[in-house]
Amino acid sequence: MFFLADFDVIRPDFGLLFWTSIIFILFWLLIGKFAFKPIAEALKKRENDIQSALDEAKNAKLEMANLKSENEALLAQAREERAAIIKEAKEAKNAMINEAREKAKEEASRITSSAMLEIENQKKAAITEVKNQVGGMAVEIAEKILKRELSGGDAQSSYVSSLVDEINLN
Amino acid sequence: MIRFLQIFFFSLVLSISLGAQGHNHNHQGDGHNHDHSGHNHDHGAHDGHNHGSHDGHHHGEKSHSAHGGDHSHAPTCGGDHHGEFDPGETAFHHIADANVYSIGPLQIPLPCILYAPKKGWDVFMSNKFKFKTIGHGDGSKAYNGYVLDGGSIRRVKDAGFPEGEPVINGFIHHDKKSYVCVGNKMYETEAKSTADGGLFGGGITSFYDFSITKNVASMILVVLFLSWLFLGMAKQYKIREGMAPKGKQSFMETMFVFIQDEVAIPFLGNKYMKFLPFLMALFFFILGLNLFGQVPFFGGSNVTGNLGVTMVLGILAFIVTNMNGNKHYWEHILWMPGAPAWVKTILTPVEVLGIFIKPLTLMLRLFANMTAGHMVVIIFVSLIFIFGELGENLVGGYGTAVASTLLTLFMMSIELLVAFIQAFAFTILTASYIGAAVEEHDDHH
C-alpha cells in the first residue's frame, strides 16, 4: 500500500459516502416511482397494444379471406343460375318460335284451302251464270230466228250469222 | 480483453509515475513558483516508499540546493523552491475529489459543510479561502482553522494557528505530512477523515467533510439531468399514448428496453417489475457519471472511479439482494441441501464469504476500471510535459504531443466503450445476484 497515501480515490470519504447514498437512494426511489415504473408499464402496455393490433389485423385478414371465398361461392352460384336461366329462356324461345311456325302454317293452309273453296264456288257461280246467259242468248237468238223465219233461207242464215256475231262472248 | 489492456496500462502508469518521481525533476517555469514550495512535488507517499532509490540516484544529477533541502532537512517556509512537474501527483490530483469545481484551469467555488466534533459545524462557500479563479485551487487565506490545499479542505492541527482569516504563504508536503505557512511559521494540517480504517493511509481525524465536493456536485448535475430526461420521457408516454415514440422517448427507449429485456427479465423472470427501478437507477446513474467523467475540460470528475461511490452502490446491491433472499437462497448458502455433511462444512463458509465477495467485486471492478481509464488518459497527456521538459525541449514536447494525442484519442474511445460496459456489467451482475436470491426452486438438487 506504499503509494496509496496520495491515492485519494481509494479512501472512502464520509461526506462522499453520505451524499452518494442520499443522491442515489433519492434517484432510485423518486425516479423509479415517477419515471422508471410508469415507463416500463407504458412500454408493456404498448407491447400488448401492438400485439393485440397485430392479432386483430390477422383476424381481419382471416375474415376477409372467408368473406372472399363466400363471395366467390355466391358468384359461382349466380353464374350457374344465370346459365340455367339463359338456357331455359333459349328453350322457351325455340318452343315459341316452333309453335308460331306451326300456327302460321296451319293458318296459311287454312287460308289457302278456304281460298280454293271460294275460287271453286266463284268458278261454279261463273259457270252457272255463263250457262244462264248462254241459255238466254240462245233463247233470244232462237226468238229472233223465229221472227225472221219467213224471209228466205239465205236471208235466215245470214241473219243467224249476224246474230252470232252479235253474241260476243267477250 | 479491455480489462486486461487496462490493467496493463494501469501498471504502466504506475511504473511511469513512480519512475518519473526519480528522473524528471524539472523546473516549472510558470507563475506557480512563488511560495508554493513543495506543493507540486515531494508527496509523502512517494517519499515513503521510494526513499532509498530516490535519494540514491536523484541527488547526483538534477537536484538543486533548495530541492536537496527537502530531503535532508525539514522543509521551511519561505524557502526558494521551484515547482516541479510530477505526472503521478498530477494524475492522483486530477482523479481525486476536491472542494472546488475545475473547468479546465478555472476554479469554481462549492459549498463547504464541515464538522469537527470539538468545534461544531462550519458552513460556507469555498471562495472564503480566496483561491485564484485560474490556478491550482490553493487558498490564499485560512478560514476558521481550515485551509484549502490543492482544492481540498484540510484542518490545521497545531494549536496556536491565528484566528480569523490569516493570509497563507504556501503549502508544504513532506514525509506524509502536510503543512501550511503563515508568515514564516509552519503549521501541520490534517488529512481528511476517511473510512478506510487507516488501511490506505487515511483514517479518522478531527474533522469530517460533508461538503458538496466536485464529485457530489457532478452527481447532482448528472442526477438532475437524468431526472429531467426520464420524467420528461414518462410524461411523453402519458400524453403520447398510442403514438409512435418521439424525441427523448426514442433516444432513451433503446437503452431502457435493452436493460429491461436483456438484464431484468432474463434474471428476474416475472418478478422483474419489483427490481426494475433499482436496476435502471444503477445503470443510468453509473452510465451517466461514467460518461460525464469523460468530458474533457468539464471537471473530468472521477465519480464512479471513487471507491466511496462504488462502495455505496455495492452496499445497496448487497442490501437489496439479501433483503429479498428467500428460504431456498439461505438454505443453499447455509446448509446446501443434498450435499454430504463433510462437503457442507466446506461449502457453508465459502457460500457465506460469497455473499460479501459479490458486492465487493462489484465495487472494485467499477472503481478500478474507471480510475485506470482516467489515469491512463492523464498520463498520456502528461507524457508531453515529461518529454518536453516543460518547454525546454521543444522537439520532445511537440513529438510527444502528436503521439500522445493519438494515444489519448485511442484511450478515450476505449473509455467510451468501457463507460457502457462497466455500467452494463454492474447492472447485469446485480440482477444475477438478486435473481439467484429470489429464484423459486422447484427441485432440490
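Shown above is the structure to which this text applies.
Residues numbered from 1 in each chain as written. Chains lettered and ligands numbered in written order. Predicted model: local features only at pLDDT ≥ 70, side-chain atom pairs only at ≥ 80, totals over all residues.

Regarding the packing of helix H7 (residues 272-294) of chain B against helix H11 (residues 394-438) of chain B
Residues and elements named next belong to chain B.
Step number 1: The N-to-C vectors of H7 and H11 enclose an angle of 160 degrees; their axes lie 9 Å apart at closest approach. One element, H7, and the other, H11, form an angle in the roughly antiparallel class. H7 and H11 meet at a crossing whose hand is right-handed. Two secondary-structure elements touch here, H7 through Phe 275, Leu 279, Leu 282, Phe 283, Ile 286, Leu 287, Asn 290, Leu 291 and Gln 294 and H11 through Met 412, Glu 415, Leu 416, Ala 419, Phe 420, Gln 422, Ala 423, Phe 426, Thr 427, Thr 430, Ala 431 and Ile 434.
Step number 2: The residue inventory of the contact of H7 with H11, partitioned by class, reads 15 nonpolar, 5 polar and 1 charged. (Axes fitted to C-alpha atoms, helices over the stretch in contact; angles between N-to-C directions. Helix = DSSP H or I, 4+ residues; strand = E, 2+ residues; numbered from the N terminus. Parallel < 35°, antiparallel > 145°, perpendicular 65-115°, else oblique. Left-handed = near helix turned anticlockwise from the far one by under 90°. Contact = placed C-beta atoms within 7 Å. Nonpolar A, V, L, I, M, F, W, Y, C, P; charged D, E, K, R; others polar.)

Comments concerning H7 of chain B
Residue and element names in this part refer to chain B.
Step number 1: Taking 1.5 Å of rise per residue, 23 residues should cover 33 Å, and H7 covers 31 Å from first to last C-alpha, within 8% of that figure.
Step number 2: If you look at H7, its biggest bend is around 25 degrees, right at Phe 278.
Step number 3: Extensive coverage of H7 is indicated by the burial of 19 of its 23 residues. (Expected span 1.5 Å × (residues − 1). Bend = angle between axes of the 7 residues up to and from the residue. Buried ≥ 20, exposed ≤ 12 C-beta atoms within 10 Å, placed from the backbone.)

Considering the pairing of strand E1 (residues 100-103) of chain B
All names here are of chain B.
Step number 1: Here E1 runs beside strand E2 (residues 106-109); their pairing, made up of 4 bridges, is antiparallel. In the strand pairing of E2, Tyr 101 is matched with Ile 108.
Step number 2: The loop that links E1 with its antiparallel partner E2 comprises 2 residues; one of these, Gly 104, has a positive phi angle of about 60 degrees. (Pairing = 2+ DSSP bridges.)

With respect to the interface of chain B and chain A
Step number 1: On the side of chain A, 37 residues touch chain B, which itself brings 60 residues to the contact.
Step number 2: When contributions to the side of chain B that touches chain A are tallied by element, the ones reaching two or more residues are helix H2 (44-61), helix H4 (87-95), strand E10 (208-209), helix H5 (214-239), helix H6 (248-268), H7 and helix H8 (307-323) of chain B.
Step number 3: Residue contributions to the side of chain B that touches chain A peak at 12 residues, all from H5 of chain B.
Step number 4: Each residue belonging to the side of chain B that touches chain A can be placed in one class, and the counts come to 35 nonpolar, 19 polar and 6 charged.

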